[in-house]
Amino acid sequence: CSPNNSQTTSSASQTSTSESSSISQSAMDPNKIDAPQVGLSDEQWNRSLGTRSDGKDTNSKNAPTRILTRDADSIIIYFSRSGSTELLASKVQALSKADVIELTVSENYSPDYGQTVQRANREREEENNPTLNVDIPDLSQYKTVYLGYPIWGMTLAEPVASFLEQYGKQLDGKTIAPFSTNGSYGLGSSVERIQSILQSQGSQVKITDAYQIQGNRVNEADSSLRQWFNTISK
Ligand SMILES: Cc1cc2nc3c(=O)[nH]c(=O)nc-3n(C[C@H](O)[C@H](O)[C@H](O)COP(=O)(O)O)c2cc1C
């Protein structure tokens, strides 16, 4: 959640003087991202068990990240409960200069890990994904969507499934570049789930190789992430 946003669409910008003036791209500020689990040893991290969140999106101190410009041809759309995926998103943004939208849900997940797992499992089993409370703009200007998510229950976190179910038709013809953090079990079936939700909506997309890293190791991501970015950007 970086407050350091350049917005074309919404409320907050006190500094913008003229709506018609060109808007310069602003960056996500990694220093504003609250992810205390990043940098823990694998032993301390314990496959993420117990990782708390503020119960909101990632960081209650700031509004959800939203960087929208007229010229970008790529956008990062991500959800993060406890900040690891958000930190990774900031690194993808530094490489791509893409626009950014952080997904948030109407009813926040519990700060408690176990309760979040219970709710997410129920939502998955009942195929009752959470309602989003984010304003998604017209996505037609974007060729590439970098889709960022934590792994929940060995697949795509439910809020990102909600996004695909609700807005998947807008993704037809685009390239989807998945990036993800996990507790140590890898990508699970997340890429297949992206494919199957979009297919069920009749959207044809190209899905690139997915980038994945443990949530406690995002601080070590730079070189492998750059390699991934260079490969998928070719
Ligand atoms: C509800 C829930 C379910 C999870 N399920 C898995 C899982 O199946 N496999 C795994 O490797 N990690 C799992 N994790 C760990 C997260 O993927 C990991 O902590 C991730 O880095 C969190 O990203 P975030 O900080 O952006 O929310 C789960 C975490 C939560 C909260």
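Residues numbered from 1 in each chain as written. Predicted model: local features only at pLDDT ≥ 70, side-chain atom pairs only at ≥ 80, totals over all residues.

Where an unreviewed UniProt entry is consulted, the protein appears under the name Flavodoxin, with the organism given as Alloscardovia theropitheci.

Participant: Whenever I open this one, the site of the ligand confuses me. Can you help?
Facilitator: The local shell around the ligand holds 24 residues, among which Ser 48, Thr 85, Pro 150, Gly 183 and Gly 215 are the closest. Ranked by residues supplied to the shell around the ligand, first place goes to helix α3 (residues 113-125) with four residues. Of the residues belonging to the shell around the ligand, the class tally is eight nonpolar, 14 polar and two charged. (Near = placed C-beta within 6 Å. Helix = DSSP H or I, 4+ residues; strand = E, 2+ residues; numbered from the N terminus. Nonpolar A, V, L, I, M, F, W, Y, C, P; charged D, E, K, R; others polar.)

Participant: What should I look at first to understand the nonpolar core in this one?
Facilitator: Considering soluble globular proteins, one finds that nonpolar side chains tend to be buried as a cluster. The biggest cluster of nonpolar side chains holds 45 residues, and the ones touching the most others in it are Ile 76, Ile 77, Leu 147 and Val 160. If you list the elements that add at least two residues to this core, you get β2 (74-78), α2 (84-96), β3 (99-102), β4 (144-152), α4 (158-167), β6 (175-182), α5 (190-200) and β8 (211-214). It is β4 that contributes the most residues to this core, six residues altogether. Those residues within four positions of Ile 77 in sequence are excluded, and the remaining contacts are Ile 101, Leu 103, Val 145, Leu 147 and Phe 163. (Core = buried A, V, L, I, M, F, W, Y, C linked by C-beta atoms within 7 Å. Buried ≥ 20, exposed ≤ 12 C-beta atoms within 10 Å, placed from the backbone. Contact = placed C-beta atoms within 7 Å.)

Participant: How should α4 be read in this particular structure?
Facilitator: The periodicity of an α-helix, 3.6 residues per turn, causes residues three or four positions apart to be oriented the same way. Most of α4 is tucked away, with seven of its 10 residues classed as buried. If you follow the buried residues of α4, they end up packed against β2, α3, β4, β5 (155-156) and α5.

Participant: How should the pairing of β3 be read in this particular structure?
Facilitator: The side chains of a regular strand alternate, residue by residue, between the two faces of the sheet. Side chains Asp 99 and Ile 101 project from β3 onto one buried face, and the interleaved Val 100 and Glu 102 project onto a second face that is buried too. In this sheet, β3 lies alongside strand β1 (residues 66-67) in antiparallel orientation, the contact comprising two bridges. Along β3, the bridge assignment pairs Ile 67 with Val 100. Here β2 pairs with β3 via four bridges, running parallel. Across the sheet, residue Ile 76 finds its bridge partner in β3, namely Val 100. Since β2 and β3 lie parallel, the crossover through α2 that links them has a hand, and here it is right-handed. (Pairing = 2+ DSSP bridges. Right-handed = clockwise from strand over helix to strand, strands pointing away.)

Participant: In this structure, what is going on with the environment of Ile 176? I would like to understand it.
Facilitator: You can see Ile 176 is positioned in strand β6. Expressed as a C-alpha distance, the spacing of Ile 176 and Ala 210, which sit 34 residues apart in the sequence, is 9.2 Å. The residues touching Ile 176, leaving out its near neighbours within four places in the chain, are Val 145, Leu 147, Leu 171, Ile 194, Val 205 and Ile 207.

Participant: So what exactly am I meant to see when it comes to the UniProt feature "domain: Flavodoxin-like" (unreviewed entry) in the protein here?
Facilitator: The feature "domain: Flavodoxin-like" (unreviewed entry), as annotated in UniProt, sits at residues 74-233 in this numbering. Structurally, residues 74-233 is divided into 37% helix and 21% strand, and its ends, taken at the C-alpha atoms, are 11 Å apart. (UniProt positions renumbered as here; feature names shortened; annotations may be inferred.)

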